[in-house]
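# Descriptive analysis of the structure
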Amino acid sequence: MKPIIAPSMLSADFCNLAKDINLVNQSQADWFHLDIMDGMFVPNISYGLPVVKAIRTMAEKPLDVHLMIMDPGRYVSDFKKAGADLLTVHYEAVTHLHRVVWQIKSEDMLAGVALNPHTPVMLLDDIIQDLDMVLIMSVNPGFGGQKFIPNSLKKIDELADMIVRRNSNALIEVDGGVDDETAPLLVEAGADVLVSGNHIFKSADPAATIEALKAEYEEEEEVDDNDID
Ligand code: DX5
Ligand code: ZN
């Protein structure tokens, strides 16, 4: 299988965003990953609705919007109007998660839930069937260019098991420190979507870096515990 590649525009050149949007348009990338930060949920402020709207006018691929904001239910309609196709909220930033997930779906967007590195996967057990995507944060959210947290691999593995057990269609997305070394491990653990910022945009040839991330990985063999010869 080939993973879905979502370049994070947080690492793009904001003085020349049009150039980097076109680069993603013409590359083998599948989605645009847009990071929205409010300076409360995370210790950083990125960009907001006007920038998402502007990217939408040029982007020829779906917008995967990652909200790192408190109480994100307040802005679901606004991000739909700005052009979001997938909207991901943080488990830790929402009180009534089920309500917000269905708010997103009722606006005709795909709904994702993100987990910080310290948040256990098992907390999604009663909502996994409602989700289109789960985002495993493999760094503490807030900044690009951080070091990958290896425990994320175990979480992806657990999540993949939960998705099968609960008969869910959720995709597994991973975000933070994804590069040519971590990508194969992540796909092997069960990741479907790789977000990558610094590794792509700080490389000499971002299109080639995207192409390398979108490699053909061997399917993991299903081991059936009951299948005893
Ligand atoms: C971090 C953001 C990420 C970030 C990833 O809070 O959610 O999307 O841009 O950047 P890299 O790939 O550089 O770790
Ligand atoms: Zn992100």
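Our subject is the structure listed above.
Residues numbered from 1 in each chain as written. Chains lettered and ligands numbered in written order. Predicted model: local features only at pLDDT ≥ 70, side-chain atom pairs only at ≥ 80, totals over all residues. Heavy atoms only, no water.

### Structural notes on the coordination of the zinc ion (ligand 2)
- Protein coordination at the zinc ion (ligand 2): the donors are His33 (NE2), Asp35 (OD), His66 (ND1) and Asp175 (OD), at 2.0 to 2.3 Å from the metal.
- Considering all 6 donor atoms around the zinc ion (ligand 2), the spread of angles at the metal, 70 to 167 degrees, places the coordination shape in the octahedral class.
- All donors to the zinc ion (ligand 2) come from one chain, and their sequence spacing reads H-x1-D-x30-H-x108-D.
- Overall, His33 belongs to the buried group, its relative accessible area being 0%. (Donors = N, O, S within 2.8 Å, 3.2 Å for Na, K, Ca; no water. Tetrahedral: all angles 85-135°; square planar, octahedral: opposite > 155°, others 65-115°. Buried < 20%, exposed > 50% of the residue type's maximum accessible area, 1.4 Å probe, protein only.)

### Thoughts on the packing of aromatic side chains
- Here the structure, examined in full by the defined rule, presents 1 aromatic pair.
- In this structure, Lys105 is placed above the aromatic ring of Trp102, and the distance from its NZ or CZ to the ring centre is 4.9 Å. (Phe/Tyr/Trp six-rings, centres within 6.5 Å; stacked < 30°, edge-to-face > 60°. Lys NZ or Arg CZ within 6 Å of the ring centre and 35° of its normal.)

### Looking at the site of ligand 1
- Residues in close proximity to ligand 1 total 20 residues, the closest being Ser8, Asp35, Gly142, Asp175 and Gly197.
- In the environment of ligand 1, an oxygen atom lies 2.8 Å from a nitrogen or oxygen atom belonging to the side chain of Asp35.
- A distance of 2.7 Å separates an oxygen atom of ligand 1 from a polar atom in the side chain of Asp175.
- Considered on its own, ligand 1 offers 380 Å² of accessible surface; in the complex 99% of this is hidden by protein.
- Listed by contribution, the elements that provide at least two residues to the shell around ligand 1 are strand E2 (32-37), strand E3 (63-68) and strand E8 (193-196).
- Across the shell around ligand 1, the residue classes tally to 7 nonpolar, 11 polar and 2 charged. (Near = heavy atom within 4 Å. Polar contact = N/O pair within 3.5 Å; in protein donor to acceptor, adjacent residues only side chain to side chain. Areas by Shrake-Rupley, 256 points an atom, 1.4 Å probe, with all protein chains shown as cover. Helix = DSSP H or I, 4+ residues; strand = E, 2+ residues; numbered from the N terminus. Nonpolar A, V, L, I, M, F, W, Y, C, P; charged D, E, K, R; others polar.)

### Brief notes about unusual backbone geometry
- Residue Asp71 is not a glycine yet carries a positive backbone phi of 50 degrees.
- Mapped onto the secondary structure, Asp71 falls in the loop between E3 and helix H3 (76-82).
- In this structure, Asn167 is a non-glycine residue whose phi angle is positive, near 55 degrees.
- Inspection of the secondary structure puts Asn167 in the loop between helix H5 (151-165) and strand E7 (171-175).

### Focus on the sheet that holds strand E6 (residues 133-137)
- Pairing in this open sheet of 8 strands is parallel, and the strands run E1-E8-E7-E6-E5-E4-E3-E2 from one edge to the other. At either margin of the open sheet sits one strand with a lone partner, and together these are strand E1 (4-7) and E2. When the angles between neighbouring strand axes are averaged without regard to direction, this sheet yields 25 degrees.
- Bridge count for E3 against strand E4 (residues 86-90) is 3 bridges, and the pairing is parallel. Bridge assignment links His66 to a residue of E4, and that residue is Thr88.
- Contacting E4 and strand E5 (110-115), helix H4 (residues 97-106) runs over the sheet at an angle of about 145 degrees to E5.
- Contacts from H5 reach E5, E6 and E7, with the element oriented near 165 degrees to E6. (Pairing = 2+ DSSP bridges. Axes fitted to C-alpha atoms, helices over the stretch in contact; angles between N-to-C directions. Contact = heavy atoms within 4.5 Å.)

### Things to note about H5
- Here H5 is 15 residues long and its end C-alpha atoms lie 22 Å apart, about the 21 Å a rise of 1.5 Å per residue gives.
- Here H5 has its buried residues at Ser152, Lys155, Ile156, Leu159, Met162 and Ile163. Around the axis of H5, the buried residues are gathered within 125 degrees of arc, so they sit on the same side. In H5, those exposed residues whose orientation departs by more than 90 degrees from the buried face are Val164 and Arg165. (Expected span 1.5 Å × (residues − 1). Arc of directions from axis to C-beta.)

### Digging into the pattern of salt bridges
- Applying the stated criterion across every chain yields a total of 9 salt bridges.
- Between Asp125 and Arg166 there is a salt bridge, with the nearest N and O atoms lying 3.6 Å from each other. With Asp125 in the loop between E5 and E6 and Arg166 in the loop between H5 and E7, the pair connects residues that are 41 residues apart, well separated along the chain. (Salt bridge = Lys/Arg side-chain N within 4 Å of Asp/Glu carboxyl O.)

### Focus: the pairing of E3
- Of all 6 residues in E3, 6 are buried, a share of seventy percent or more.
- Burial along E3 is two-sided: Leu63, Val65 and Leu67 facing one way and Asp64, His66 and Met68 facing the other are all buried.
- Direction of pairing for E2 relative to E3: parallel, over a ladder of 6 bridges. Bridging from a neighbouring strand, Leu34 pairs with Val65 of E3.
- With helix H2 (residues 49-58) bridging E2 and its parallel neighbour E3, the resulting β-α-β unit is right-handed.
- In this fold, E3 hands off to H3, which returns the chain to E4; that crossover is right-handed. (Right-handed = clockwise from strand over helix to strand, strands pointing away.)

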